[in-house]
Amino acid sequence: GAVTAEIVAATNPDAQKPKFVPNAVQKELLKQLKGRAMRTDDLAQIAGGKSRLFGPGGLPELQEEGLVGHHPRLGFYSAASPPPDLAE
């Protein structure tokens, strides 16, 4: 069961973890970030508030999965399609 899977995952780093599937808010964030960077305030409006943006199932999870990057001056962006400024 689940415990066995956890043991396998803990003892075998190559064991497949489940594929990440973004939720509705995350899908919208990824769509909005395609090809451009956005600041926290703009993203919070899309997510329905800063607590939703930075809470469980929000932006930090996308960053952990390597789907969203952050640039100190430009803001957050899609790792798959960064803004032209970062693509160079």
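The coordinates are above.
Procedures and definitions
Residues numbered from 1 in each chain as written. Predicted model: local features only at pLDDT ≥ 70, side-chain atom pairs only at ≥ 80, totals over all residues. Heavy atoms only, no water. Buried < 20%, exposed > 50% of the residue type's maximum accessible area, 1.4 Å probe, protein only. Helix = DSSP H or I, 4+ residues; strand = E, 2+ residues; numbered from the N terminus. Arc of directions from axis to C-beta. Contact = heavy atoms within 4.5 Å. Pairing = 2+ DSSP bridges. Polar contact = N/O pair within 3.5 Å; in protein donor to acceptor, adjacent residues only side chain to side chain.

Time to look at helix H3 (residues 40-47). Those residues of H3 lying buried are Leu43, Ala44 and Ala47. All buried residues of H3 project into a common sector of 105° when viewed along the axis, lining one side. The secondary structure elements touched by the buried residues of H3 are helix H2 (24-33), strand S1 (37-38), helix H4 (50-54), helix H5 (59-64) and strand S3 (75-78). Where H3 terminates, the next one or two residues include Gly48, which has phi positive at roughly 95°.

This part takes up the pairing of strand S2 (residues 68-71). In terms of strand pairing, S2 meets S3 through four bridges, oriented antiparallel. Across the sheet, residue His71 finds its bridge partner in S3, namely Gly75. In sequence, S2 turns back onto S3 through a hairpin of three residues.

Our next topic: the sheet that holds S1. Read from one edge to the other, the open sheet built from three strands follows the order S1-S3-S2, with strand pairing classed as antiparallel. With partners counted over all chains shown, the strands left at the sheet margins are S1 and S2, one partner each.

Inspection of the secondary structure assignment puts Ser78 in strand S3. From its side chain, Ser78 meets the backbone nitrogen of Ala80 in a polar contact 3.2 Å long. There is a polar contact of 3.2 Å between the side chain of Ser78 and the backbone nitrogen of Ser81. Not counting residues up to four positions away in its chain, the partners in contact with Ser78 are Leu33, Lys34 and Leu67.

Time to look at the side chain of Gln26. Its place among the elements puts Gln26 in helix H2. Reaching out from Gln26, the side chain makes a polar contact with the backbone oxygen of Gly58 at a distance of 3.1 Å. Aside from chain neighbours lying at most four places away, what touches Gln26 is Phe20, Val21, Gly57, Gly58, Glu61 and Leu62.

Function-wise, these values are silent; they only describe arrangement.
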